[in-house]
Structures are given as C-alpha cells and as structure tokens.
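Coordinate analysis (summary)
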Number of protein chains: 2
Amino acid sequence: MELKQLDYFLMLTQTLHFRKAAEKLYIVQPALSKQIKSLEAELGVRLFERSQRRVQLTPAGQYFKQEVAQIRQRLEEVRNLTQLVATGEAGEIRIGYVGSCIHTFLPEMITGLTSAFPHIQLYLSEMITAAMWESVLKGELDLAFLRNPPFHESIESTLIWQEPFALVVPETSSLNETNFRSMRQVAGESFILPTRADGDAYHDLQWSICEDAGFSPQVSHETVHGHTALQLVANQLGLAILPMSFREVTTARVRFLEIPRIRQRSEITAVWDRHNPNPSLSRLLKFILEKSLPTP
Amino acid sequence: MELKQLDYFLMLTQTLHFRKAAEKLYIVQPALSKQIKSLEAELGVRLFERSQRRVQLTPAGQYFKQEVAQIRQRLEEVRNLTQLVATGEAGEIRIGYVGSCIHTFLPEMITGLTSAFPHIQLYLSEMITAAMWESVLKGELDLAFLRNPPFHESIESTLIWQEPFALVVPETSSLNETNFRSMRQVAGESFILPTRADGDAYHDLQWSICEDAGFSPQVSHETVHGHTALQLVANQLGLAILPMSFREVTTARVRFLEIPRIRQRSEITAVWDRHNPNPSLSRLLKFILEKSLPTP
DNA sequence: GCTATTAATAACTATTTGTTATCAATGGAA
DNA sequence: TTCCATTGATAACAAATAGTTATTAATAGC
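Computed from a predicted structure; not experimentally measured.

1. Considerations on the overall build of chain A
The helix and strand tally for chain A stands at 9 helices and 12 strands. On C-alpha atoms alone, chain A measures out to a radius of gyration of 32 Å, which is more than a quarter above the 19 Å that the 2.2 N^0.38 rule sets for 296 residues. Considering only C-alpha atoms, chain A reaches an extent of 105 × 35 × 30 Å along its principal axes. Burial statistics for chain A: of 296 residues in total, 48% are counted as buried. Across chain A, every contact between residues at least 6 apart in sequence was considered, and the portion connecting residues at least 24 apart equals 74%. Only carbon and sulfur atoms are counted for the fraction: they give 49% of the accessible area of chain A, which is about 15,000 Å². Computed over 30 positive and 33 negative side-chain charges, the separation of the two mean positions in chain A equals 13 Å.

2. Let's talk about the protein's contact with DNA strand C
Looking at DNA strand C, there are 21 residues lining it, with Tyr8 and Val28 of chain A together with Ser33, Arg50 and Arg53 of chain B nearest. When atoms of DNA strand C within 4 Å of the protein are sorted by moiety, sugar and phosphate together comprise 61%. Between DNA strand C and His17 of chain B there is a distance of 2.9 Å, counted from a phosphate oxygen to a side-chain nitrogen or oxygen. Within the side chain of Arg19 of chain B, a nitrogen or oxygen atom sits 3.2 Å from a phosphate oxygen of DNA strand C.

3. Observations concerning the interface of chain B and chain A
At the interface, 27 residues of chain B touch 27 residues of chain A. Both faces considered, chain B and chain A share a buried interface measuring about 2,700 Å² in area, 72% of it formed by carbon and sulfur atoms. On the chain B side of the contact with chain A, Tyr63, Ile71 and Arg79 of chain B bury the most area, a combined 20% of that side's loss. Between chain B and chain A we count 4 salt bridges in total. Glu42 of chain B is the partner of Arg79 of chain A in a salt bridge, and the nearest nitrogen-oxygen pair spans 3.1 Å. Our count for the contact surface shared by chain B and chain A stands at 10 residue pairs in polar contact (both at pLDDT 80 or more). When residues of the side of chain B that touches chain A are traced back to their parent elements, those giving at least two are α1 (3-15), α3 (29-43) and α4 (59-87) of chain B. By residue number, the principal contributor to the side of chain B that touches chain A is α4 of chain B, which donates 15 residues.

4. So, the relation of the copies chain B and chain A
Taken as rigid bodies, chain B and chain A are interconverted by a rotation of 180 degrees and an axial shift of 0.0 Å, the fit giving an RMSD of 0.0 Å. Both copies of the chain, as the preceding transformation shows, are related through a two-fold rotation axis. In terms of proximity to the rotation axis, the leading residue of chain B is Leu3 of chain B, whose C-alpha is 2.8 Å off the axis. Looking at chain B, 100% of its interface residues are interface residues in chain A too, so the copies touch through the same face.

5. Considering unusual backbone geometry
With a phi close to 60 degrees, Tyr26 of chain A is a non-glycine residue in the positive phi region. Note on Tyr26 of chain A: relative accessible area 78%, which makes it exposed. Of note, Leu16 of chain B is a non-glycine position whose phi angle comes to about 50 degrees, a positive value. Residue placement: Leu16 of chain B occurs in the loop between α1 and α2 (18-24).

Parameters and conventions
- Residues numbered from 1 in each chain as written.
- Chains lettered and ligands numbered in written order.
- Predicted model: local features only at pLDDT ≥ 70, side-chain atom pairs only at ≥ 80, totals over all residues.
- Heavy atoms only, no water.
- Helix = DSSP H or I, 4+ residues; strand = E, 2+ residues; numbered from the N terminus.
- Rg over C-alpha atoms; globule rule 2.2 N^0.38 Å.
- Buried < 20%, exposed > 50% of the residue type's maximum accessible area, 1.4 Å probe, protein only.
- Contact = heavy atoms within 4.5 Å.
- Areas by Shrake-Rupley, 256 points an atom, 1.4 Å probe, with all protein chains shown as cover.
- Lys, Arg positive; Asp, Glu negative; His and termini not counted.
- Charge placed at Lys NZ, Arg CZ, Asp CG, Glu CD.
- Near = heavy atom within 4 Å.
- Polar contact = N/O pair within 3.5 Å; in protein donor to acceptor, adjacent residues only side chain to side chain.
- Buried area = accessible area lost by both parts, 1.4 Å probe.
- Salt bridge = Lys/Arg side-chain N within 4 Å of Asp/Glu carboxyl O.
- Least-squares fit on C-alpha atoms with pLDDT ≥ 70 in both.

Structure below.
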C-alpha cells in the first residue's frame, strides 16, 4: 500500500471513470488500472465494481474512501504544521516560574505571548528556583523565571522584573510605616529566610540586607514559599523580607514596611539554554526582550 | 512523500541509528539515508540532527513523529476494518419499519442483531409502507418491515410477524368482549381505514374484512398511523380495525374486541433487494430467517 | 596518533511504475 | 440485427525509483 495508490484511489472515487481519473492524475489509463488492481489485491478486497460500462464503489470501497480521505487530509495538515514547527511559528514552550511572578508580570506576559503566537502552546509550572535550574539544563524547561541565577557557560539570561523588598511584621507589632526607618531597629528579632536548599543566592541576598545594617540575623525558620513565610509572620514566629508585591495578594494579618535606602532589590531573571533547539524559543525571546523593560 | 518513507522515518525515530534501523527494515544503510534525505527535502524541514556520532530528532521531527505514528496506526485499522466490511462482518444496515413493529417483535430483534453482529451499525427509521418500498428499490434502505408488499422481480421477502385484528370501539360503546360475535353487528357504523396513499393493499385488506361480513364499510376518515386512528375512535369519530398489539401501548379510552373467525391477519413482512450489494445484509438475513418464526 | 564507528556519497543494479499498442466486452445507433 | 464508439484489462516495453556495493569524511575513544 502506497500513498500514491491511495491518491489514485481517491481520484477514481471522484470520477468513477478510469480514463478521466487517469487524465486528471496526469497518467495513462492502464497505469491507473494496474495500481487500483494492486491495491485491491493487497487489501484482499474489491473496492470497485466494474461492469464494463459503469464503475461504482463496493460497500467496502465506500468505507475505505471515507476513511482514507480523512487520513489523507490529516496527513496534509501535519505536513504543513511540521513546517510551522520547524520555523518556530508553531510549537510548545515549557515555562517554569517562581510563585511571585504569577501576581506581577507573568499574566500580562502570557496574554501577550498567546496573542502574538497563537500556534505556540505554553505549558506553565510553578517551581522552585533550584529545580528550574536543573530542568533548563536538562532541556525539560525551555524558559524559567527565577531569582539570582548562578553563572553557567551555556545559560543565557535577562532581567525581567524588579521591585523593592519589604520587611513583613505581624499586625500586632509596634513598627509601622512612619516609625520604621532602618533595619537596625529589628537587629534583635528572629527572621524567616529562604532555604539554602533552593540555592544559596537568594538566601545570601536577604542575609546581606541584615549584614549591611550591621547585624547577622537570627534565623527562626526557613521556607521557599512567600505565602508560608507570611503565615509564619502572622503567627508571630519571626519577621520576613519579601518582595513588595506580596502585599496585594495576601490576607494574612501582617504589615509590609518598605525597607529604606538599601541596594538590594527583588529581581526575577528569565533564563534559557543557549543551545536549546526549540525554534519557537527564539521567537518568544525576541518578543520578551523587546517588551519587558524592568519596572519598579 | 510515500508511506514507505514514513515507515522508514518511524523506524529511525525508534533506533536513532541509521545502520540499525536499516537492518530492521531489511534494507541497507545508504538506502535509508537517501529516503530520509528525500523526505526531509520534500517537507523542507530537517527531521533529524545528525552529529556524526549521534542522531536525534529536531523539534519538528518530534512533532512529525508523534502525528505520523497516529496516522499510520489509523491507516492500519482502516485496512483491517475494510476487510471486515467486505465480508459483511462490519458495516451499516439501514432499516425501515412501520410503527407497530416497535411494540411487537422489533426491540427483541434489534437486541439479538446487535449482540450477534457487534460491528454492524443499525440505522432505524419509522416510515410508511409506500416510502419504504421506494427506498428499498433505490437502495436507500437495506431492509424494511412493512405490510402487504406487492410483487416485484428484484425484491425478496419473508413473513416476520402476524397477529389477529381487533375491532376498536369507544369505551362508551355498548359492544364488549362478550356481546361482540361478528362484524355484521357493525355493518352500519362508519370506519377509519388506512389511506390508499400508503398502498392499496393494506386498505383493501381491511375493506375485505367488511366485505366478507357482507357489507361495504362507510369510511369516515383515513390515516396511516394506528395511534391517530385510536384517538379518532376515542373521540367517537368512527370504528377502526387494528392489530391486537396496539392494545398494550395505548391509553386511549377505547376497547379492543378480537374479530372472531376471519381469514385476515395483520402481517409484517421483511423485504429487501435481491441485488443489494451490502455484504452485511446477507449475514443479517441469515440470522433473521433462522430466528423469526411467525408468532400469533 | 591510531582505530573503530557512523552517516553521506557515487556508481551501478534491481524493482517498480508508467507508456504504447491492443483486446474483449457492451451499450447505443443505423 | 450489425456496426461502431467507448470502456477497462492485458502485454510488452521504456522510464523512473529504490536498493546495493564500494568508498569517503568525520569523530569519539583508546
């Protein structure tokens, strides 16, 4: 069975006339007769009833026609889509991100991407930074939005988003927007910091905020998740340092106090593998690099 | 693009090794190289990344593999199903029937047929006798259950069901099971008869019941549908002669009185075109002829 | 630096497909 | 009826396609 035979068959089902079908196929009638014959022989099924003066489909031929026409059309679609995939116009992109992205820049970016690239399917997963780093290197993720990536020869990156840090204190605390002037005021408190298991960098960044203020923080708990930290703070189990944007998406009984005059900011970086062969990725990156200028 | 090339492609996606794939395909490595190359050239898309030491799929190749594997499998299924259709083991049968069948033999028959021929799809339509007769001749119906078919050279038939006729009178009538002895008692009444538009035969059959009793009926209404006749009787617009089985399926305020000592019975005949090429039909008929002995 | 392994290429052969010429069957016209 | 035009099948041959063998260039591992 060959595709050519199926195409010949389909043409013959249209005309029900060997000579005319052959003409439309730019071959000669005996060639068509031979191919149809060999198709029937291979299937072991008579597809046409030829009564010297009239050609018509057998019931099996009718069924075969109907199904083969569908298959043939599908194959043509796949052919075209494959070409789109090769140019990157169609395809799949797997994206990982840390939790805070989903209440800052990410929704808008996804909206923009899906309307700019309607044939590219985005797969989104919230993950911790360390896991994303591994996944990008293994090729399991095409793109990751994470914090403070280390250097790696084959990884490229660009800063996507930044915002100030806030000190998060329980609602019951005596500190508030007006009387909080410096981290020195909380030198004696215990802190909830990001765990080192999710990479040293983010942990060290927060540590350095305290160090810059002249003290080493006492650590009561460690957690990767901002929302966990918020609940711990609300329950007076320590203070936390979080990106300011968390204020808008929590109902925890806490207060966000912007930390004044510090060099550290919460930053989200997009990272990807320089050697990633996914052709959709470069299109996406071009779009992202154009659009996303770091904002407050 | 040829099926052979797609099969070669799929094999290569399995092994990702030209020599091994060629071996499994019982061809030699350069032949495989050439076919893959020509497939890629025709698509205009590189499907494999060959780095002298390692062969791997490009993203477009991955997409193509996934889709082609499905298409190939579907084609194989269709191939096998086509063979079943040719032997009649799979297929479609279009059946027409008059209304009374659906509360007598038909449900049981359908149950039996679908369990005996799970791959044959039955399409059922309630129709009037005249329309079915036309449809069977045109090949639009494979099988029809109807009343009193005329003779036709290319139509075969068999008696499927018979039952006695009942005289249907309004509930308010003075006639009942004990005092109704003969059609002569209702010689002066007006009758609801089947319309001639649905064939003379059934009309004439009922007429003959009256004639045998020595009178020509006065016709108040004509209708093809038993349920219509029942409503007319309930509203005292005439008497009707109907197959006894209607008694079990109506809530109309009427009485069914079996007509004693008459030669006429209500008969349902299965008819089909002797030249119908549908291979499923002969299987079905064999089953039907074995099972269905006319019952009272 | 050598060897073994891998895919590509070229030249040739075998197989498949298409073409031309012809036939047998059949429906319609004379 | 007889004849003719039309149709699909068949046979012999030509063209195109696919497969084989021999060889090469590249590279990973010893």
